[in-house]
Amino acid sequence: MVSIANIVGSGSLSVELNVDQLGTDLDVPYTEYDPENYHGLYVRLVEGGPLITVYRSGKYIISGCSAFEELEDTNEKFLEHLTEFGIIESELDPGFTVQNVVCTADLGHSVNLNALAIGLGLEAVEYEPEQFPGLVYRPTEFPTVLLLFANGKVVVTGAPDVHIAEEAFSSLQSQVDGLLE
DNA sequence: TTAACGTTTTCTTATATAGCCTGATACA
DNA sequence: TGTATCAGGCTATATAAGAAAACGTTAA
């Protein structure tokens, strides 16, 4: 069982934007545009909520969502705001897709990371405790990266879908259990 | 040697995780 | 002044975006 920590998605408005002006015009709790720091416009529709980064090209990224419903809702509301300003047509399909799902999970017991590094196969593992306390595991059968910690906690990242994250974690759990037997 | 390109890297944001380091504060 | 505790920042990971800087290569 994994729980979602963060979802990142992106889409395109297919229109060139004046992001500086857009930041001023939008009637939302938070906007920030500081081209000396970063060239993207930051938008939050809800205080402390997901962050939308908008680019001059019309492309945008939404990050900081902990549920797919929240991501879809944020995307829809953002498009509604832009439609109100006449920036886009209401029927526009931005081709919005989920790019990265970050999940956390727990093996339920502590693990010996040194032994695990050997058991999982050194070619798929990076473990340098002096640099970072977690073991980095890149399974060949899933497009994800898993970070394992000595207390059994796991971070799954890079998955394009939560089901892939779940499968990757289940596969890891089976391998760990097999090594413990 | 210098200019003009082309390519690559860095930056920023969100998020979980844990260990180490640094600085600030509190107390003896 | 010395020690203890706490908070915060950094380390690594993925992903999108695009500007800017840092490179490398080629030609004059």
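Remember, it's a predicted structure, so these values are computed and weren't measured experimentally.

### Some details on the protein's contact with DNA strand C
Inspection of the region around DNA strand C gives 21 residues, with His-39, Tyr-55, Ser-57, Arg-138 and Thr-157 positioned closest. Of all atoms in DNA strand C that approach within 4 Å of the protein, 57% are sugar or phosphate atoms. A distance of 2.8 Å separates a base nitrogen of DNA strand C from a polar side-chain atom of Thr-157. Those elements giving two or more residues to the surface near DNA strand C turn out to be strand E1 (3-12), strand E5 (59-65), strand E6 (97-106), strand E9 (145-148) and strand E10 (153-159). Among the elements that take part in the surface near DNA strand C, E6 stands out by supplying three residues, more than any other.

### Brief notes about helix H3 (residues 113-120)
Along H3, the residues that are buried comprise Leu-113, Leu-116, Ala-117 and Leu-120. Down the axis of H3, the buried side of the element spans an arc of 105 degrees, and every buried residue falls inside it. Across H3 from its buried face, at more than 90 degrees, point the exposed residues Asn-114 and Ile-118. Buried residues in H3 make contact with strand E7 (125-126), strand E8 (135-137), E9 and helix H4 (162-180). Measuring from the backbone nitrogen of Asn-114 back to the side-chain oxygen at the start of H3 gives 3.0 Å, which picks out Asn-112 as the cap. Gly-121 sits one or two positions beyond H3 and adopts a positive phi of about 105 degrees.

### Quick look at the protein's contact with DNA strand B
In the vicinity of DNA strand B, 18 residues are found, and the nearest of them are Asn-6, Tyr-38, Arg-44, Pro-133 and Asn-151. Near the protein, meaning within 4 Å, the atoms of DNA strand B are sugar or phosphate in a fraction of 72%, with bases accounting for the rest. Taking Tyr-38, its side chain carries an N or O atom lying 3.1 Å from a base oxygen of DNA strand B. Measuring from a sugar or linking oxygen of DNA strand B, one finds a side-chain N or O atom of Tyr-42 at 3.5 Å. Of all elements in the fold, only E1, strand E3 (41-44), E5, E6 and E10 reach the threshold of two or more residues within the surface near DNA strand B. Sort the elements by how many residues they give to the surface near DNA strand B and E1 lands first, with three residues. In terms of residue class, the surface near DNA strand B is built from eleven nonpolar, five polar and two charged.

### Side note on the sheet that holds E3
Within the open sheet, the ten strands sit side by side as E2-E3-E4-E5-E1-E6-E10-E9-E8-E7. Their pairing is antiparallel. Edge positions in the sheet fall to strand E2 (30-32) and E7, since each of these pairs with one other strand and no more. Taken together, the three bridges between E8 and E9 define a ladder with antiparallel strand orientation. Along E9, the bridge assignment pairs Tyr-137 with Leu-146.

### What to know about the nonpolar core
Core analysis: the largest hydrophobic core is formed by 46 residues, its most contacted members being Val-54, Leu-135, Tyr-137, Leu-148, Val-154 and Leu-172. Top element by residues in this core is H4. It accounts for six residues. Ignoring any residue separated from it by four or fewer positions in sequence, one finds Leu-135 in contact with Leu-113, Leu-116, Ala-117, Leu-120, Val-125, Glu-126, Tyr-127, Leu-146, Leu-147 and Leu-148.

### Regarding the environment of Gln-173
Within the secondary structure, Gln-173 sits in helix H4. Since its relative accessible area comes to 27%, Gln-173 is described here as partly exposed. Separated by 65 residues in the primary sequence, Gln-173 and Gly-108 have C-alpha atoms spaced 9.8 Å apart. The contacts of Gln-173, once residues within four sequence positions are left out, are Asp-106 and Leu-107.

### Observations concerning H4
Here H4 contains 19 residues, and its C-alpha end-to-end distance of 27 Å stays within 8% of the 27 Å for a straight helix at 1.5 Å per residue. Residues Val-162, Ala-165, Ala-168, Phe-169, Ser-171, Leu-172 and Val-176 constitute the buried set of H4. The N-terminus of H4 is capped by Asp-161, whose side-chain oxygen sits 2.7 Å from the backbone nitrogen of His-163.

Definitions and cut-offs
Residues numbered from 1 in each chain as written. Chains lettered and ligands numbered in written order. Predicted model: local features only at pLDDT ≥ 70, side-chain atom pairs only at ≥ 80, totals over all residues. Heavy atoms only, no water. Near = heavy atom within 4 Å. Polar contact = N/O pair within 3.5 Å; in protein donor to acceptor, adjacent residues only side chain to side chain. Helix = DSSP H or I, 4+ residues; strand = E, 2+ residues; numbered from the N terminus. Buried < 20%, exposed > 50% of the residue type's maximum accessible area, 1.4 Å probe, protein only. Arc of directions from axis to C-beta. Contact = heavy atoms within 4.5 Å. Nonpolar A, V, L, I, M, F, W, Y, C, P; charged D, E, K, R; others polar. Pairing = 2+ DSSP bridges. Core = buried A, V, L, I, M, F, W, Y, C linked by side-chain atoms within 4.5 Å. Expected span 1.5 Å × (residues − 1).

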